[in-house]
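Remarks on the overall topology
Here is how the chains run, residue by residue.
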Amino acid sequence: MSAVSNPPQPVFGPAVLGTSGTQPAPDGAARPPAHAAPRGRSGHIPELHGLRGLALALVVAFHLFGNGRVSGGVDVFLVLSGFLATGSLLRRAERRELRLGEHYGRTFARLVPPALLVLAATAVLAWLVMPRGIWVQTGREIIASALYYVNWEMISGQLAYGAAGPQTSPLQHFWSMSVQGQFFLAWPVVVLVVVALARLVRISARGLLLVVVAGASVASFVFAQELHGVDQPVAYFHSWARFWELGIGGFLALALPWLRLPGAVRPLLGWAGLGLVVSSGFVLDGGALFPGAWALWPVGGALLVLLGSGGSAGWGPRGLLQVAPLRFVADISYALYLWHWPLLIAYLHYTGLERVDWFGAAAILAASVLLSWLTTKLVADPAQRFREAFGGVRALVAAAVCVSLVAGGAVVGVRLLERQDAQLLAQAEAVAEAAGDDGATDYPGALALDPRYAQPVPQDVPVLPAAAVAAQDRPEIDDDGCIQSNEETAGSDVPETCVLSDAPDPRRVVVMVGDSHTIQWAPAMAEVGADEGWRVLLMARRGCRLQAPPVGEQADVSDMCWSWRVNAMAMLKQMRPDAVMVIGTRTSTIAPGDKVHPAETRAWKQLAKAGIRVITLRDNPRFEFDVPACVEEHTGGAGCARARVDAFSAVNPVHEAKGSPRSAVHLDLTRFICGPAMCEGVVGNVLVYRDDDHMTATFATTLARPLHQALRAKAKWLFENRPDTPQIRTRF
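Computed from a prediction, not measured in an experiment: that's the story for all the values here. (Residues numbered from 1 in each chain as written. Predicted model: local features only at pLDDT ≥ 70, side-chain atom pairs only at ≥ 80, totals over all residues. Heavy atoms only, no water.)

A separate point is unusual backbone geometry. At the junction of Phe290 and Pro291, the peptide bond is cis and its omega measures out at 5° in the coordinates. By the element assignment, Pro291 lies in the loop between helix H12 (286-289) and helix H13 (296-308). Non-glycine residue Arg576 carries a positive phi angle of around 50°. The topology assignment puts Arg576 in the loop between helix H21 (560-575) and strand S4 (579-583). Arg576 gets classed as exposed once you look at its relative accessible area, which sits at 51%. (Helix = DSSP H or I, 4+ residues; strand = E, 2+ residues; numbered from the N terminus. Buried < 20%, exposed > 50% of the residue type's maximum accessible area, 1.4 Å probe, protein only.)

Written out as structure tokens, the structure is:
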């Protein structure tokens, strides 16, 4: 689901450690625990400010110059947040000085104004350079970011972390700020409750909080490990799966009074920790491995730097971490984190590049630094002065008002866009309903590629579905809950069936089986089934095609996808339908041509041995770009195409596939999807694809007649002994 990011203030900016000496630290994260380590002359831990700058520099460098690899910086910031906030909150709670209104005002007076400025700027950038199709989702993410729940918005939207690209959210980086914002809201209450309970039973508040933090961190780590194995993209954004990184920092802050480290050891720990932090992004693929056990690499590095800080030895890493460039980056770190990612995504949309080039990366870096410095001086610092002048409670009220204005404006914008989308989808639905008419139509879709279609195709009508809503133009069955996701949860390997068409006394039963490329044919097959009086079922799990292991080998049923395949095969043999329809080939953007997977032909052979006929459909082409975005940028979809010779083999490979049963019927409808030379993004004024490889439901509906005719020609047994078989239209 987009880029790893680095958390919000209290961990960012000079006020946290007071290195500038001009601002008091915000409550809840500002003052490092008194017991943390020997301090410098300013009373602060100079290594931490430099570590913040280094971690942020790594994040930005990897995003701009490292193809979006995860640097581990976000994990470092989570540790620092937990470390600084826990110690500060405990001390204030023990002194009875922790008042929630004042505390939240101090914290969010620094977090909210820069964030809202960047959110507003992102909305403008989306309007100026990003395709209309992502405006609604971007609006939803603006609302969620302003209210600190965007990580859950990304989970619900099934977004996964990914490198920067035109299809990546410009607000992906806000997920970590939401995780920390939720922590900053909940943690003061937890600390107050623990301190009150400790007073009640007359035990050490520090000791009790240490037990609570340790237990919660261990539980969070175990949960993260389990969820990582089941659904890593969800684990990546999940608040509870990330808590252990915050908790381990808090645990260290509480445990430091009992730690006595020799002064000579501290520099070794500091350098070792620094090495882990710097090397994390080079060694690990954090986007795929975090927040599992491998996240201990950058987390452990941050802990070692904390343990090694403040030593008196002159050969420790303090000198490196106090160099002016790192201090400057640390001073503007919060704003720099906010600005660099939306600027990067906007640049990619503006230039049409899939990945940022070195010139662009340098330009984005310069612009981000300038905007971050201006934001710090003109927005963050004045907001802090307002808080100092009027108090934390008034600052909290002001922040809440600003959040309401931005989020409320985004809500209004999203509602208007959704209303427009509904109208555009209704137009596409009308096109689909008219797809089977014999008369002339402005939107013949696939029929326009049939040489028998003699009607002129107008050139001056808008493409439908509109590119803005193409992603939503899915088969109706996709919203019915019977199509299974690829989540490996209990029971997800038990196949479910969707009913595409039915009849009181169906003469034939056809079951479509497979993944999302099978699902997209549902509108066409549903129409065929309705015309013929068949019972047509769909058995689909995303990412799982029907396959069988080699003869003599057992499927790995610990893999939910393979377990689903085994169960699906058993169900099909029990159902004994008249035909099973699957996608027979697999196209690619990596190599030219389409291929047949041997595991799939083995499955077809098993069905044939059970007396079940198999019908295959040739796969549709895949593209290296988002087709709707291209069509939106180029009127009529000019240039949004791929050479047919690159997408398909010269001959349908299923005919020569080893192990394919002779009884199988192979349908090739590519001549209704692609022209003789090119596979276009728009055919017959209908947008063919809703992303880079899935057909829109509108276009799929225009394939119903060609599919019906192909079945009549190749799968004649489905139509035998049917005196009442309707005559399908073959002329236009």
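This part takes up the pairing of strand S3 (residues 535-540). Counting buried residues along S3, 5 of its 6 residues qualify, which places the element largely inside the surrounding structure. Pairing analysis gives 3 bridges linking strand S1 (residues 498-501) to S3, with the strands arranged antiparallel. By the bridge assignment, Cys498 is partnered in S3 with Leu538. Pairing of strand S2 (residues 509-514) with S3 involves 6 bridges; the strand directions are parallel. Bridge pairing in S3 links Val511 to Leu537. (Pairing = 2+ DSSP bridges.)

What follows concerns the pattern of salt bridges. A side chain with one charge can pair with a side chain of the opposite charge if their charged atoms come near. Using the criterion set out here, one finds 21 salt bridges in the structure. When the shortest N-O distance is used, the salt bridge between Arg542 and Asp478 registers 2.5 Å. On the criterion of sequence distance, the pair formed by Arg542 in the loop between S3 and H21 and Asp478 in the loop between helix H18 (392-433) and S1 is long-range, its members being 64 residues apart. (Salt bridge = Lys/Arg side-chain N within 4 Å of Asp/Glu carboxyl O.)

Moving on: the side chain of Asp693. When you line up the elements, Asp693 lands in the loop between strand S10 (686-687) and helix H25 (697-702). Taking relative accessible area as the criterion, Asp693 reaches 9% and is therefore assigned buried. A distance of 2.8 Å separates polar atoms of two side chains, one belonging to Asp693 and the other to His517. A distance of 3.0 Å separates polar atoms of two side chains, one belonging to Asp693 and the other to His694. Ignoring anything within four residues of it in the chain, the contact list for Asp693 reads His517, Gln520, Asn620, Pro621 and Arg622. (Polar contact = N/O pair within 3.5 Å; in protein donor to acceptor, adjacent residues only side chain to side chain. Contact = heavy atoms within 4.5 Å.)

Core analysis: the biggest nonpolar cluster contains 114 residues, and Phe83 and Phe174 have the highest contact counts within it. When residues in this core are grouped by element, the largest group, 13 residues, is from helix H16 (residues 333-351). If you look at the next biggest cluster of nonpolar residues, it comprises 61 residues, including Ile477, Ala579, Leu667 and Phe719. (Core = buried A, V, L, I, M, F, W, Y, C linked by side-chain atoms within 4.5 Å.)

Quick look at the state of the cysteines now. Throughout the structure, instances matching the rule amount to 4 disulfides. The disulfide partner of Cys544 is Cys561, and the S-S distance across this bridge is 1.9 Å. Linking Cys544 in the loop between S3 and H21 with Cys561 in helix H21, this pair joins segments that are 17 residues apart in sequence. Across this residue pair, the class does not change: Cys544 and Cys561 are buried. (Disulfide = S-S within 2.5 Å.)

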